[in-house]
Amino acid sequence: MKNVNPTQTKAWQQLQLHYETIKSTHLKTLFEDENRAKTFTIDWQDFLVDYSKNRISEETRTLLLQLAEEVGLAEAIDSYFGGDAINATEGRAVMHTALRDYGDNAFAKAEVSQVKSSIQQFTDRIINGEHKGATGKKITDVVNIGIGGSDLGPVMVVEALQYYKNHLNTHFISNVDGDHVMEIIKDLDPETTLFVIVSKTFTTQETLSNATTVREWFVNALGEKAIGSHFVAVSTNLEAIQNFGIASENVFPMWNWVGGRFSLWSSVGLSIALAVGYDHFEALLKGAHEMDVHFKQAPFDNNIPVITALLSVWYNNFFGAESEAVIPYTQYLHRLPAYLQQAIMESNGKSVDRNGNLIDYETGNIIWGEPGTNSQHAFFQLIHQGTKLIPADFIGFKKSLYGNTDHHDKLMANFFAQTEALMNGKTIDEVVRELSKNGVSQKDIEQLSPFKVFSGNKPTTTILIDKLTPASLGALIAMYEHKIFVQGVIWNIYSYDQWGVELGKQLAKQVLTDFNDLENAHHDGSTQQLLTLYKKS
Ligand code: F6P
């Protein structure tokens, strides 16, 4: 990796000047070029990415691509896929892409294939009922116990692929909130439930507490000996799993070169494979691999992760946009924004560069979103008429899964209409014309019209995919993974560590100990007061 301060590149300086010339140009003006839609669309397999409704010209794109070149993006991609320790602060390679590489020369091919085949055998046996619980009954329910990357990816994918699900009921316990655990286990039958404990480190407080509580509940019902048929674990920490009481044959390993938030492709995806069957799990992996190949091979000006990342940099660093919305027009993807929050914000929320210097430019964007059309009736008001610039990804599918055209046309009409409305807005003249046409009095028109104006010029990227399948979902997730990588390269930060989550964890441990002796605890006045009140209650 080149470790270049992006703001010191020629391209950055030019982009700054260029920004001054384009910042006030309305998208409507840019669309006077009748070829614009074609010029700014990438057509790849079953994806069509139309980024023409972004506040860019061909010159913007050229300069952004020049920025990618100056920071050494091509070499960085080689290092990423080549297994270099690009997660330098943890001394690790970042090789989640190897988990979905079926090529002969794939990294760690033998280990990966072996683990995949044990996932396949295990999931087949659970799904077809060959594996029985301790009392001889078939498994009906699967509970994934994990947090962060050991929860968000699996839960997002299981929800997204609900249409492809089998008879197993899948549940997720993540929060250390004991009420959450009780709400999940209260209706479960221990005789027919499989618990999958997922923790890369097997040191995470939330997961260990939840697993211990569930284990106690289970042992009370069926006894210690029954654990072997009902508990499996996914981790790199085999010793800790054994100490927890799970036998080595019930462990699905993973590796340090797979980051938690990029781990759904590994054994961490066990609950996905259980929920939808191994073939669909493999299709998910293969779809992601297709996107990996596209990312590695497509020229940058026709490369979906590269272009979408550059757009993000453009808004973040030149327009000063602080957040980005992700709006999937399918209820199936309702957990995608939450999943992306960890993937993107834990990766690129950094303020020290790869040379160890404090950064004086903006990095990680804030990600948020909800499915459309629900989000239209919630926060779209702010995107349309608020004071903030919020670039948004609109993700939609040409076909619905159950084939209800009437509903799908309505859903997609909204999908297309919103991006058009965000772009064009509505001028005061249009408002006045519309109100007079509707017979509104002149006085009321004067009073009302300013509130009904939409400035427009709100950027969106439309990601239109044929159909929500395991493969297209895999490609979509991989697209965002690589987008994260490209942004990290440009911002000259380490995207694959997460030191920022440590301080809170450390303090929480301290507070837990202090609960026993608050008088001798050392906290600021506010915290001390709150702890005392809490303990008195
Ligand atoms: O939130 C910090 C983090 O380390 C994430 O990166 C990770 O996904 C999560 O905790 C869970 O970690 P583990 O899988 O080791 O329990």
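Our subject is the structure listed above.
Quick summary incoming for the structure in this document. (Residues numbered from 1 in each chain as written. Predicted model: local features only at pLDDT ≥ 70, side-chain atom pairs only at ≥ 80, totals over all residues. Heavy atoms only, no water.)

## Examining the overall build of the protein chain
In terms of helices and strands, the protein chain carries 22 helices and eleven strands. The globule rule puts the C-alpha radius of gyration for 537 residues at 24 Å, and the 25 Å found for the protein chain is close to it. Each principal axis of the C-alpha distribution contributes one length, and for the protein chain these read about 80 × 60 × 55 Å. Looking at the protein chain as a whole, 52% of its 537 residues are labelled buried. Considering only contacts in the protein chain between residues 6 or more positions apart, those separated by 24 or more positions represent 76%. With an accessible surface of roughly 23,800 Å², the protein chain has 49% of that area assigned to carbon and sulfur atoms. If the 44 positive side-chain charges of the protein chain are averaged to one point and the 63 negative ones to another, these points end up 3 Å apart. (Helix = DSSP H or I, 4+ residues; strand = E, 2+ residues; numbered from the N terminus. Rg over C-alpha atoms; globule rule 2.2 N^0.38 Å. Buried < 20%, exposed > 50% of the residue type's maximum accessible area, 1.4 Å probe, protein only. Contact = heavy atoms within 4.5 Å. Areas by Shrake-Rupley, 256 points an atom, 1.4 Å probe, with all protein chains shown as cover. Lys, Arg positive; Asp, Glu negative; His and termini not counted. Charge placed at Lys NZ, Arg CZ, Asp CG, Glu CD.)

## A closer look at the side chain of His-26
Turning to its location among the elements, His-26 is positioned in the loop between helix H1 (10–22) and helix H2 (27–30). Within polar-contact distance, the side chain of His-26 engages the backbone nitrogen of Asn-457 at 3.4 Å. When near neighbours in sequence (up to four residues on either side) are disregarded, His-26 contacts Met-423, Asn-424, Ser-455, Gly-456 and Asn-457. (Polar contact = N/O pair within 3.5 Å; in protein donor to acceptor, adjacent residues only side chain to side chain.)

## Topic: the site of the ligand
The ligand sits among 14 residues. The nearest are Ser-150, Ser-199, Thr-201, Thr-204 and Glu-346. Measuring from an oxygen atom of the ligand, one finds a side-chain N or O atom of Ser-199 at 2.6 Å. With respect to the ligand, the side chain of Gln-342 contributes an N or O atom lying 3.2 Å from an oxygen atom. Taken by itself the ligand offers 390 Å² of open surface, and the protein chains cover 87% of this. Residues that form the shell around the ligand fall into these classes: two nonpolar, nine polar and three charged. (Near = heavy atom within 4 Å. Nonpolar A, V, L, I, M, F, W, Y, C, P; charged D, E, K, R; others polar.)

## Concerning the packing of helix H15 (residues 336–348) against helix H20 (residues 470–491)
It is at 10 Å that the axes of H15 and H20 come closest, and there the two elements cross at 25°. The angle between the axes of H15 and H20 places the two elements in the roughly parallel class. Once H15 is placed against H20, the crossing between them reads as right-handed. Along its contact with H15, which presents Leu-336, Tyr-339, Leu-340, Ala-343, Ile-344, Ser-347 and Asn-348, the element H20 presents Leu-476, Ile-477, Tyr-480, Glu-481, Ile-484, Gln-487, Gly-488 and Trp-491. Across the contact of H15 with H20, the residue classes tally to ten nonpolar, four polar and one charged. (Axes fitted to C-alpha atoms, helices over the stretch in contact; angles between N-to-C directions. Parallel < 35°, antiparallel > 145°, perpendicular 65-115°, else oblique. Left-handed = near helix turned anticlockwise from the far one by under 90°.)

## Observations regarding the environment of Thr-461
By the element assignment, Thr-461 lies in strand E11 (residues 460–465). Taking C-alpha positions, Thr-461 is 6.9 Å from Asn-54, a pair spaced 407 residues apart along the chain. Not counting chain neighbours up to four residues away, the residues in contact with Thr-461 comprise Val-49, Asp-50, Tyr-51, Asn-54, Leu-311, Ala-392, Asp-393 and Phe-394. A polar side-chain atom of Thr-461 sits 3.0 Å from a polar atom in the side chain of Asn-54.

## As for the nonpolar core
Formed by 120 residues in total, the largest nonpolar core has its most connected members in Trp-257, Trp-314, Ile-395, Leu-476 and Phe-485. A total of 13 residues in this core trace back to one element, the largest contributor, which is H20. Among all residues touching Trp-257, those that are not within four sequence positions of it are Ala-93, Val-94, Met-95, His-96, Ala-98, Leu-99, Phe-107, Ala-108 and Val-112. Residues Val-181, Ile-184, Leu-188 and Phe-195 belong to the second largest nonpolar core, which totals 22 residues. (Core = buried A, V, L, I, M, F, W, Y, C linked by side-chain atoms within 4.5 Å.)

## Focus: the packing of aromatic side chains
In this structure the tally under the stated criterion is 35 aromatic pairs. Aromatic pair Tyr-163 and Tyr-402: ring centres 5.0 Å apart, planes at 90°, arrangement edge-to-face. Here Tyr-402 lies in the loop between strand E10 (392–397) and helix H17 (405–424) and Tyr-163 lies in the loop between helix H7 (152–160) and strand E4 (169–173), a separation of 239 residues in the sequence. Its relative accessible area of 34% is what places Tyr-163 among the partly exposed residues. Both rings, one in Phe-202 and one in Phe-244, keep their centres 6.0 Å apart while their planes meet at 75°; by these two values the pair is edge-to-face. Taken together, the positions of Phe-202 in the loop between strand E5 (193–198) and helix H9 (205–222) and Phe-244 in helix H11 (residues 238–244) put the pair 42 residues apart, joining distant regions of the chain. Taking the relative accessible area as the measure of exposure, Phe-202 reaches 4% and is therefore buried. Taken together, the ring pairs in this structure connect Trp-12, Tyr-19, Trp-314, Tyr-315, Phe-318, Phe-319 and Tyr-361 into an aromatic cluster. (Phe/Tyr/Trp six-rings, centres within 6.5 Å; stacked < 30°, edge-to-face > 60°.)

## Thoughts on unusual backbone geometry
For the peptide bond that leads from Gly-372 to Thr-373, omega is 10°, which places it in the cis range. Here Thr-373 is to be found in the loop between strand E9 (366–368) and helix H16 (380–385). At Ala-108, a residue that is not glycine, the phi angle is positive and equals roughly 50°. Within the chain, Asn-457 stands out as a residue other than glycine whose phi angle is a positive 65°. With respect to the helices and strands, Asn-457 occurs in the loop between helix H19 (442–448) and E11.

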